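# Observations on chain architecture
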Amino acid sequence: MSQLLDLWTVLAVGAGVFFFFAGTVGLLRFPDTLTRLHALTKADNLGLGLIVLGLLPRVGSPLAGLKLICVWLLVLLASATASQLIARVARRAGPPA
Amino acid sequence: MSEFLVVAACLVLVATALGLIRLLRGPGDAERMMAAQLLGTGGIAALLLGATISDPAIVDAALTLALLAAFASVAFVKYGGGLGRARAPEEGE
Amino acid sequence: MNLALLFDGMLVVLILAVAVWTVTVRDSFAAGIGYAVYGLLLALAWVRLAAVDAALTEAAIGGGLTSVLMIRATVRLRAGEAAARAATPGPLPRLLAALLGGSVAAGLALVVLALPDPAPTLAPQVAEHIATTGLGNAVTAVLLSFRAIDTLLEAVVLIYALIAVWTLTPDRFWGGRPGPKYETDPNGMLAYLARLLPPIGIVVAVYVLWVGADLPGGKFQAGTLLAAMWLLAIMAGLTEAPPISRRWLRGVLVAGTVVFLAIGFAGVPLAGAFLAYPEGFAKPLIVAIEAASMLSIAFTLALLVLGPPERSDQA
């Protein structure tokens, strides 16, 4: 059983790191602000989310697992709102240079 | 398993470090705010990985960071959003 | 373990790179964001040095409040930035400044690297006597019991800082509200976030305060969280910054210090010295000081970020 959980951790954390890189590559290579913003949210949602899911089997107590999920939900909330606000900034700045 | 998690933390740090290039070059303020946000999320991920490896109390640091990063992102956008026009941030968003 | 060394090495390179960029970039707004990023990376460094309390404080203050303070200052100074840049000193003063800064840094590095091994420390004495405080977290025990006088003076310094900021008020606005009036879109995104996040933030702040007795945490980090949540609500227009002439505001600002002083003076008859805690009552007294200080710190930090009053009481 614990080997299965270890496998789950490796797979989920690995996928999470992959999505972090995907977000970074998007941030660096996409042509304009709004597309880069889209790439950024992948790192927040999927990257952090998969890492949290991967770390859940390793926590000491259900409360600690709840704290991990709480961190993820807060980051989701914050990044979703900030992305909308940044998009407004970008739109106000006009078409891409 | 700990080695794998440390490697994962290193990789996350590399990913966010690369994103900081956008901080350097970003032709606009929005890009810089996005790079800072990526670093915030990456930092939280690295802290959570570190908490699993060594000290569970680090999750509290990640929690604080998440809340403060939310506040800082909103403040950056609020205060920096109208910068090209040199006007005080009086519009509600 | 060389994998951890890899992480540390990358972190050091990143910190240096971001620091150099923040100092040399031309755009002040970008420098403000760079400062926030720098604070964040420093928080990671503190965690690697097993100083989680310092990491909490760095993430909260450096990554959150101070960078917002700088961004506000940047935006206000935008108009005069061209003139300030034109008045930059010539190459010789800058070279001297660089030499001075570099020699201070080199001196510090030499001192740290030349520390005897094991470095002189009072940690064994703290560990020996920590049971008298009823606390489990050595940092909190040092801050609020063994070196409580320092913490008391720091609280007073914070109030002085706020008074110094208030002295910048134009005469006609004295007693007014700090910051501009933020219009609110009650159905907008920001208002939604500002309704959702502060309750969570308050719960987390009280948790950080309470858990600070035995695990990393404490009043300063909790106060910073509360300040950030309140500032969020103000920025979304859901609540107004209070006029600085209000008595309740001034009462809350000094409440922490007053409680601290009261308990300190009460220690003279009850336990024999200023700031001595009576036997067995240490933990409740410490918790009382922390709770009162948390509120004061929250209001003080938030008012520091908001700045001097910019409009009159009725505006």
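Numbering of residues starts from 1 in each chain and follows the order in which that chain's sequence is written. Following the order in which they are written, the chains are lettered starting with A and the ligands numbered starting with 1. Residues qualify for local features only when their pLDDT is at least 70, as the model is predicted, and side-chain atom pairs are given and counted only at 80 or more; totals for whole chains, interfaces and linings, by contrast, use all residues.

## Quick notes on the overall build of chain B
For the record, the criterion: Helix numbers and strand numbers start at the N terminus; a helix is a DSSP run of H or I with at least 4 residues, a strand a run of E with at least 2. Residues are called buried when their C-beta atom has 20 or more other C-beta atoms within 10 Å, exposed when it has 12 or fewer, and partly exposed otherwise; all C-beta atoms are positioned from the backbone. Any pair of residues counts as being in contact when their C-beta atoms, constructed from backbone geometry, are within 7 Å of one another.
Secondary structure summary: chain B contains 3 helices and 0 strands in total. Reading the helices (α) and strands (β) of chain B from amino to carboxyl end gives α-α-α. Evaluated residue by residue, chain B yields a buried proportion of 70% over its 93 residues. Within chain B, residue pairs in contact and separated by at least 24 positions form 41% of the contacts whose partners lie at least 6 positions apart.

## Topic: the overall build of chain C
Within chain C one finds 12 helices and 2 strands. Going residue by residue from the N terminus, the α and β elements of chain C occur as α-α-α-α-α-α-α-α-β-α-α-α-α-β. Taken along the three principal axes of its C-alpha coordinates, chain C extends 60 × 55 × 40 Å. Split into buried and exposed, the 315 residues of chain C put 38% on the buried side. When contacts within chain C are restricted to residue pairs at least 6 apart in sequence, long-range pairs at least 24 apart make up 75% of them.

## Describing the interface of chain A and chain B
The criterion, for reference: Ten residue types, Ala, Val, Leu, Ile, Met, Phe, Trp, Tyr, Cys and Pro, are classed as nonpolar, four, Asp, Glu, Lys and Arg, as charged, and the remainder, Gly among them, as polar.
The interface of chain A with chain B comprises 43 residues on the first partner and 42 residues on the second. Elements with a minimum of two residues in the side of chain A that touches chain B: helix 1 (2-29), helix 2 (33-55) and helix 3 (62-93) of chain A. With 18 residues, helix 3 of chain A is the single largest residue contributor to the side of chain A that touches chain B. A class-by-class count of the residues in the side of chain A that touches chain B yields 28 nonpolar, 8 polar and 7 charged.

## Here we look at the nonpolar core
What counts, and what does not: Connectivity within a nonpolar core runs through C-beta atoms within 7 Å, and the core itself is a set of buried Ala, Val, Leu, Ile, Met, Phe, Trp, Tyr and Cys residues. Bear in mind that the domain bounds are from an automatic or database domain assignment.
The biggest cluster of nonpolar side chains holds 148 residues, and the ones touching the most others in it are Val 71 of chain A, Leu 48, Ala 61, Ala 62, Ala 66 and Val 74 of chain B together with Val 37 of chain C. Considering each element in turn, this core owes the most residues, 18 residues, to helix 3 (residues 58-80) of chain B. Viewed by domain, this core spans two of them, domain 1 (1-84) and domain 3 (123-315) of chain C, each represented by three or more residues. Setting aside residues up to four positions removed in sequence, Val 74 of chain B forms contacts with Thr 81, Ala 82 and Leu 85 of chain A together with Leu 190, Leu 193, Leu 232 and Met 235 of chain C.

## Details of helix 2 (residues 28-48) of chain C
Residue and element names in this part refer to chain C. How we decide: Expected span, for any helix, means 1.5 Å times one less than how many residues it has.
End to end, helix 2 covers 30 Å across 21 residues, agreeing with the expected 30 Å (1.5 Å per residue, within 8%). Extensive coverage of helix 2 is indicated by the burial of 17 of its 21 residues. In the segment just after helix 2, Ala 50 is the residue with positive phi, at about 60 degrees.

## Describing the confidence of the model for chain B
Residue and element names in this part refer to chain B. The criterion, for reference: pLDDT runs from 0 to 100 and stands for how confident the predictor is about each residue.
Averaged over all residues, the pLDDT of chain B equals 79, while 86% of them reach at least 70. Ranking the helices and strands of chain B by mean pLDDT puts helix 3 first, with 87, and helix 1 (residues 2-25) last, with 84. Taken as a whole, residues 83-93 scores under 50 in pLDDT and shows 28 contacts with residues more than four places along the chain or in a different chain.

## Remarks on the domain arrangement of chain C
Under the domain assignment used here, chain C contains domain 1 (1-84), domain 2 (89-120) and domain 3 (123-315). Using C-alpha coordinates to define each centre, domain 2 of chain C is positioned 34 Å away from domain 3 of chain C.

## A word on helix 1 of chain A
Each turn of an α-helix holds 3.6 residues, which means side chains three or four residues apart point in the same direction. The terminal C-alpha atoms of helix 1 of chain A lie 40 Å apart, and with 28 residues this matches the ideal 40 Å at 1.5 Å per residue to within 8%. Every buried residue of helix 1 of chain A is accounted for by Thr 9, Val 13, Gly 16, Val 17, Phe 19, Phe 20, Gly 23, Thr 24 and Leu 27 of chain A.

## Quick look at the environment of Ile 33 of chain C
Tracing the sequence through the fold places Ile 33 of chain C in helix 2. You can call Ile 33 of chain C buried: it has 28 C-beta atoms within 10 Å. Considering only alpha carbons, one finds Ile 33 of chain C and Met 70 of chain C, 37 residues apart in sequence, at a separation of 8.9 Å. Ignoring anything within four residues of it in the chain, the contact list for Ile 33 of chain C reads Arg 32, Met 33, Ala 36 and Phe 76 of chain B.

## Examining the packing of helix 1 of chain A against helix 2 (residues 29-53) of chain B
Here is the rule: Each axis is a line fitted through C-alpha atoms, and for a helix only the stretch in contact is used; angles between axes span 0 to 180 degrees, taken between their N-to-C directions. Note that the term roughly parallel is reserved for angles under 35 degrees, roughly antiparallel for angles over 145, roughly perpendicular for angles of 65 to 115, and oblique for everything else. Two helices cross in a left-handed way if the nearer one is turned anticlockwise from the farther one by less than a right angle. They cross in a right-handed way if the turn is clockwise.
Packing of helix 1 of chain A against helix 2 of chain B brings their axes to within 11 Å, and their N-to-C directions diverge by 170 degrees. Considering the angle they form, helix 1 of chain A stands roughly antiparallel to helix 2 of chain B. Considering how the two elements wind past one another, helix 1 of chain A and helix 2 of chain B form a crossing that is left-handed. Each of Phe 20, Gly 23, Thr 24 and Leu 27 of chain A in helix 1 of chain A lies in contact with helix 2 of chain B, whose residues at this interface are Met 34, Ala 35, Leu 38, Gly 42 and Ala 45 of chain B. Grouping the amino acids of the contact of helix 1 of chain A with helix 2 of chain B by side-chain chemistry returns 6 nonpolar, 3 polar and no charged.

## Details of the interface of chain B and chain C
The partner chain C presents 55 residues to the 49 residues of chain B that form the contact. Within the residue set of the side of chain B that touches chain C, elements represented by two or more residues are helix 1, helix 2 and helix 3 of chain B. It is helix 3 of chain B that contributes the most residues to the side of chain B that touches chain C, 18 residues altogether. In terms of residue class, the side of chain B that touches chain C is made up of 34 nonpolar, 6 polar and 9 charged.

## Some details on the confidence of the model for chain C
Residue and element names in this part refer to chain C. Averaged over every residue, the pLDDT of chain C is 87; the share at 70 or more is 99%. Within chain C, helix 10 (residues 219-235) carries the highest mean pLDDT (92), whereas helix 4 (residues 81-86) carries the lowest (75). The ipTM assigned to the predicted complex is 0.86, against a pTM of 0.88.

## Comments concerning unusual backbone geometry
All names here are of chain C. Even without a glycine there, the phi angle at Ala 50 is positive, about 60 degrees. Residue placement: Ala 50 occurs in the loop between helix 2 and helix 3 (52-77). For Leu 275, which is not a glycine, the phi torsion comes out positive at approximately 65 degrees. Within the secondary structure layout, Leu 275 lies in the loop between helix 11 (247-271) and helix 12 (282-306).

## A word on the environment of Leu 168 of chain C
Topologically, Leu 168 of chain C is positioned in the loop between helix 8 (148-166) and strand 1 (177-178). Along the backbone, Leu 168 of chain C and Pro 309 of chain C are 141 residues apart, and their C-alpha atoms lie at a distance of 8.4 Å.

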